[in-house]
Structure formats: structure tokens, C-alpha cells
Amino acid sequence: MNPDLLLRLRSDLAAAAYTTDAVAARLGPEAEAALGREHVVPGCRVVDARRRAGERDALDVLLDLFLLARSVEGDDVDRAFPTLGPDGAAELGLLRIIEPGSGTDWTAALDVHPYAYTDERGEGHWWILSDLGERAVGGALPEDHVLGVGGASLTLAGITIPTPVESVLDLGTGCGIQAMHASRAATRVVATDISARAVEIARANALLNGIDNIEVRLGSLFEPVTGERFDRIVTNPPFVITPRVDGVPLYDYRDGGLVGDALVETVIRGCAEHLDAGGTAQMLGNWEYTTASDGLSRVERWLADLGLDAWVVEREHLDPAFYAETWIRDGGTREGTAEFARLSEAWLDDFEERGVRGVGFGFVTLHRPNDDRPPVVRLERVTGSLETQGLGEHIGRCVEAVERAAGLDDAALADEALVVAGDVTIEHHFEPGHDDPTAILLRQGGGFRRAISAGTGLAALVGASDGTLTVGAILSAIAQLLEVDESALIAETLPDVRRLLADGFLLRA
């Protein structure tokens, strides 16, 4: 895309105050909430009322074009894009005339969404270019569709460790949103994608938002970075499990071209080859549950020979029918049509033939240890609601704690002075009429919001961990108070201490 035209577009969007806050204020809470549910009528009513009152401005035009998927008149284009102009908008591929030759009504040819963010370095906003969605297209999406910011994008951005690093690789960048987030914590970012259109849009988004430390390369998976290593890898890879048969569309943004969950295994193994010592990789993925294997067990086998610490968190488990329905709808094919039924048959035939009985979804954090030690691998299922925004800071602390604790034998761990995290509370539950608690829970207010059952000794250790005494000294005092064998208490408690460090309940002083 023409850099000069992108800079003109940036000027016009800024002049119109096209931000998430301005959109919310213009629409009001009810219309904004409806728009989030893909219900545009309330928003249309707000914009139409302003037109009737003679109050129409550039922001109204942008709402019509990009959020409400409505056409506008030529005068509106002049109003919203005084610097870019109609010819520039057409040349940029942003707008098109509905009926060429008439020159009257214009409609969006690309999507432009305002995007707000908050991270360790403050708050800000961007504008994100992407291809038009299903509502604007009015049917199934083209296979080279470049997706905007969706739920998966927000999840990955939320769980990404935010600490500063020298280099980041964004594998399968799409519209470039992960690379843009990474640019705020890294000296340099390399973003790759197999889609030439995605590469073009990712480059355009970096320029549109004044970001100059992102290099976007064209190529499949890790081919564009052969021989290179990075401090951090982030990737929302094309992990969707799609039948490899004729007549089933393969979308660049979600379908990796391999059978089953082989793409996720390939990405995990590739991360191992491209991580520097001390580096981390974070990704989203699917893994299959088959008649022969459990989903998390499959992932554990992929990790077996890589020498990496790994933390695999499964968030969902979908049955084959629901999984097929989800991704067929995602491609713009509507339920109840003959095409939907045909694609469903193809999906379910594939799952049945390969013995797939379910699909897991979750996220994976990998870490290359700084020294030659056995890796620490954790696999767990965390269902229910989870606030992923800002979760990356917690994950980073946990990864660092595992790295530290893994290098300590039990004697060295007992010599550590620890503090209880500020979001941790201790709950004692009693039966009426009894002085001794029937249950003690350590509850985490942030992070994964875990609740862990603790014995008297462990609960006492946590309560006394204020950084002034070592773990061993505290346990020695507890052993005397409880009148139990000190060595036995230490041996029993230290594995729990390692777990509490790994889960963020305890921190180094």
C-alpha cells in the first residue's frame, strides 16, 4: 500500500477522533453493546438521528462505513477523508464505488477498526486494517481473507509476557496485531506470514500507526527466519483442524494445510529451534482427543525431546460436531443451508475416519532453560471464566519462578526467603462447635484465581512468609509448635513450596 496515502489516512482518522472511546460515546451504551453482538440497528438509528438533526460529521461517516457496513454518498467521503480524498481512498483499496460509473455511493473495501490497549508502558490506541467480515461481505469469506482483531487475538495479547526483550518473532502475523503489541516491549520484531495479502496489511498497519521496529517477511512458518533465534516468540498459528478433501475451503488465516493437529506439533518443534537461552514462546492451539490418546498426552509427547520447560493450559474441550459447526460458521457459511450440511458431513467423516472424539483448545508457554537441566513440564485443564487481559505478567513471574526453583535442590530451596503474593488470602473453614478447621484454602485473587487446599503446616508457612526468615527456619519453628518431626515436615512441604512458587502464590523476597 502507498505509504503517502496511509499517512494521509492516519491524519484523517485522527482528525475525526476515530477511537474506541469516541465511538462508545457517540453510540451510547445500548447501541455499543448491540454492535458487539453484531446487531447494527440501534447504531444505525443513532447515526440516522444525527443526520436528520443536521449534525452529521466525519465520525458518523466512519461509523457507517466500517462498523455499520453501510454505503455513503460522495459528499460523505469528502467529509470523512479531507486529506486522503475519494481518489486516494480508492487507490488505497479502502473504499469503492458501488456502481462504477455512477459516482454516487461508496462502500468500504477494507475494514478499519479503532483499537485501544493498556500495557506496562501505558495506554494508547491504534487503527487496525483488515479484510471485511462476513456481515459486510454478505456470505462466505474468500480463502485469502485477512482477519482483524478477534477473541483469539485478544487472548494471546493478554497472556503474552510483557517484559522488555531484544528480539521477538510473531509467527503467522495476520493483520499484525501481535507484532504491534510486541513492538512496545522489543527492540526489534520480525513478523512472518504465508499470505502475501497478510504481509501487505501487516506492513500497512505498522506504518498507519507510526511503528518503525517491525520487519514483515513472506513465507511459511519458520522458513523466513531460518537459522535465527529470538528472545520471545508469539504465535496464533493456523491451528484449525480442517478436512484435507476437495471442496472444503482452506483459509490462510486459520488452516495450516496439515492433517489433524500436526500443524501445532510442527510449530512447537519449530519454537524449540528458534528460542535463545532464557527465551519464551507463547501460542494458542488445538489438539485432538482420539480413540488412541488423550489430548494433553499428545502434547506431552510432542514436548518429550525438546529440552524446554512447558506449561500447557487447556481451556476448552469440544465434541466433533460442535467443533465443525463453530469453524464452518466462522467461514461465513450459514447454518440451515445445503452448503453447511455438506461441509458438516466432510468434517464429521474426517473425524470418524481418524478416530477423533474431541478437540482441546488452550495456550502453551515454552521456555528454554538458561542451563542444562531437566525441563519442567506442566499440563492442566483450567475451565470456567478467566480474565486473560494482563495475565501475561503473572505467567512471566511463574515462568521465572520455575526457572529459579528448578536450579535449586531441596537444601538450597530451604535456604530461600519467600514472601506471599499480595493477592493471596488464607481461608479457614470450621464446623459449628469445633475449634480446629475442617479445611484450609489458599486463594489467589489474580492470575488463574486458584484455590488450593493446604494442611496446617503449609498454611502456617505461607502465613509466616514475609521475607525475613528462610523456608527452612519457618518450617523448623512450625515443627516445634506442632510437635512433629522437622525433617519429615520439610520433606513433605518442599514439593508444595515448589508448586506455590510455580503458581505465583509465593514469590522470592
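Residues numbered from 1 in each chain as written. Predicted model: local features only at pLDDT ≥ 70, side-chain atom pairs only at ≥ 80, totals over all residues. Heavy atoms only, no water.

Asker: I'd love a proper account of the overall build of the chain, names of residues and values included.
Answerer: When helices and strands are tallied, the chain shows 19 helices and 19 strands. Split into buried and exposed, the 509 residues of the chain put 51% on the buried side. Taking the contacts inside the chain whose residues are at least 6 apart along the sequence as the reference set, 70% of them involve residues at least 24 apart. Carbon and sulfur atoms make up 49% of the accessible area of the chain, which totals about 22,600 Å². The distance from the centre of the 44 positive side-chain charges to the centre of the 83 negative ones in the chain is 3 Å. (Helix = DSSP H or I, 4+ residues; strand = E, 2+ residues; numbered from the N terminus. Buried < 20%, exposed > 50% of the residue type's maximum accessible area, 1.4 Å probe, protein only. Contact = heavy atoms within 4.5 Å. Areas by Shrake-Rupley, 256 points an atom, 1.4 Å probe, with all protein chains shown as cover. Lys, Arg positive; Asp, Glu negative; His and termini not counted. Charge placed at Lys NZ, Arg CZ, Asp CG, Glu CD.)

Asker: How would you summarise helix H10 (residues 196-208) if you had to cite specific residues and measurements?
Answerer: Between its terminal C-alpha atoms H10 stretches 18 Å, which fits the 18 Å expected from 13 residues at 1.5 Å a residue. For H10, the complete set of buried residues consists of Ala198, Val199, Ile201, Ala202, Ala204, Asn205, Ala206 and Leu208. On the buried face of H10, the contacting elements are helix H1 (3-15), strand S5 (122-130), helix H9 (177-183), strand S7 (186-193) and strand S8 (214-218). A positive phi of about 70° marks Gly210, the residue just after H10. (Expected span 1.5 Å × (residues − 1).)

Asker: Help me get a handle on the pattern of salt bridges, residues and values and all.
Answerer: Evaluation of the coordinates by the stated rule reveals 39 salt bridges. Among the ionic pairs, Asp57 bridges to Arg50, the shortest N-O distance being 3.4 Å. Under the relative-accessibility criterion, Asp57 is labelled partly exposed at 25%. We classify Arg50 as buried; its relative accessible area is 16%. (Salt bridge = Lys/Arg side-chain N within 4 Å of Asp/Glu carboxyl O.)

Asker: Tell me about the sheet that holds strand S2 (residues 95-97), and please be specific about residues and values.
Answerer: With antiparallel pairing, the 3 strands of this open sheet are ordered in space as S1-S3-S2. With one partner strand each, in any of the chains shown, strand S1 (72-73) and S2 form the two edges of the open sheet. In this sheet, strand S3 (residues 105-108) lies alongside S1 in antiparallel orientation, the contact comprising 2 bridges. Within the sheet, the bridge partner assigned to Val72 lies in S3 and is Trp106. Along the sheet, helix H4 (residues 58-67) contacts S1, S2 and S3; its crossing angle with S3, the most-contacted strand, is approximately 60°. (Pairing = 2+ DSSP bridges. Axes fitted to C-alpha atoms, helices over the stretch in contact; angles between N-to-C directions.)

Asker: Requested: an account of the environment of Val312, with residues and values cited.
Answerer: Structurally, Val312 can be placed in strand S11 (residues 309-318). Sequence separation of Val312 and Leu296 is 16 residues, and the distance between their C-alpha atoms is 8.0 Å. The contact partners of Val312, leaving out residues within four places of it in the chain, are Trp287, Leu296, Val299, Leu303, Phe363, Val364, Arg378, Leu379 and Glu380.

Asker: Now, about a nonpolar patch on the surface: what can you tell me, with residues and values included?
Answerer: A cluster of nonpolar residues, Leu481, Leu482 and Val484, forms a patch on the protein surface that exposes about 290 Å² of accessible area. Relative to the helices and strands, Leu481 resides in helix H18 (residues 471-482). (Patch = residues over 30% accessible without salt bridge, like charges linked within 9 Å, V, L, I, M, F, W, Y side chains within 5 Å.)

Asker: Now, about the side chain of Glu314: what can you tell me, with residues and values included?
Answerer: Inspection of the secondary structure assignment puts Glu314 in strand S11. Polar contacts involving the side chain of Glu314 include one to the side chain of Arg381, which spans 3.2 Å. (Polar contact = N/O pair within 3.5 Å; in protein donor to acceptor, adjacent residues only side chain to side chain.)

Asker: Got a sec to walk through the sheet that holds strand S15 (residues 424-429)? Specific residues and values, please.
Answerer: Taking strand neighbours across the sheet as the criterion, the 3 strands line up as S15-S16-S17 in an open arrangement whose pairing is antiparallel. Every other strand in the sheet has two partners, leaving S15 and strand S17 (451-453) as the edge strands with one partner each. This sheet shows a mean twist of 25° between the axes of neighbouring strands, independent of strand direction. Summarising the sheet, strand S16 (residues 439-444) and S17 pair through 3 bridges and their orientation is antiparallel.

Asker: I'd like a description of the packing of aromatic side chains, backed by residues and values.
Answerer: For the structure on display, the rule yields 9 aromatic pairs. Relative to Phe361, the ring of Phe239 lies with its centre 5.9 Å away and its plane at 40°, an arrangement referred to as tilted. Of the two residues, Phe239 sits in the loop between strand S9 (230-235) and helix H11 (262-274) while Phe361 sits in strand S12 (residues 356-367), which places them 122 residues apart along the sequence. Note on accessibility: Phe239 and Phe361 belong to one class, buried. Judged by centre distance (5.4 Å) and plane angle (45°), the rings of Trp311 and Phe448 are tilted. Of this pair, Trp311 sits in strand S11 while Phe448 is found in the loop between S16 and S17, placing the two residues 137 residues apart along the sequence. Assessed through its relative accessible area of 6%, Trp311 is described here as buried. Look at Phe448 and you get buried, because its relative accessible area is 7%. Through successive ring pairs, a cluster of aromatic residues spans Phe239, Tyr323, Trp327, Phe351 and Phe361. Lying across the ring of Trp311, Arg378 places its NZ or CZ 4.6 Å from the centre. In this arrangement the basic side chain of Arg450 is found over the ring face of Phe448, its NZ or CZ atom lying 4.9 Å from the centre. (Phe/Tyr/Trp six-rings, centres within 6.5 Å; stacked < 30°, edge-to-face > 60°. Lys NZ or Arg CZ within 6 Å of the ring centre and 35° of its normal.)

Asker: Would you mind going over the packing of H1 against helix H6 (residues 85-92) in detail, with residue names and values included?
Answerer: Two numbers describe a pair of packed helices, the interaxial angle and the distance between the axes. Where H1 contacts H6, the axes come no closer than 10 Å and their chain directions differ by 120°. As summarised for this structure, H1 and H6 are arranged oblique, according to the angle between their axes. Here H1 and H6 pass one another in a crossing that is left-handed. For the pair H1 and H6, contact is made by Leu5, Leu6 and Leu9 and by Gly88, Glu91 and Leu92, respectively. A per-class count over the contact of H1 with H6 returns 4 nonpolar, 1 polar and 1 charged. (Parallel < 35°, antiparallel > 145°, perpendicular 65-115°, else oblique. Left-handed = near helix turned anticlockwise from the far one by under 90°. Nonpolar A, V, L, I, M, F, W, Y, C, P; charged D, E, K, R; others polar.)

Asker: Can you tell me about the nonpolar core, naming the residues and giving the values?
Answerer: One broad rule of soluble globular proteins: the nonpolar side chains tend to lie buried together. One finds Tyr18, Phe66, Phe81 and Leu94 to be the most contacted residues of the largest nonpolar core, which totals 65 residues. When residues of this core are assigned to their parent elements, the largest contribution, 8 residues, is made by H4. With residues near it in sequence (within four places) discarded, Phe81 still touches Leu9, Asp12, Leu62, Leu65, Phe66, Leu94 and Leu95. Of all hydrophobic cores here, the second largest spans 59 residues; its members include Val264, Ala281, Met283 and Trp347. (Core = buried A, V, L, I, M, F, W, Y, C linked by side-chain atoms within 4.5 Å.)

These results come straight from atomic positions and should not be treated as a statement about function.
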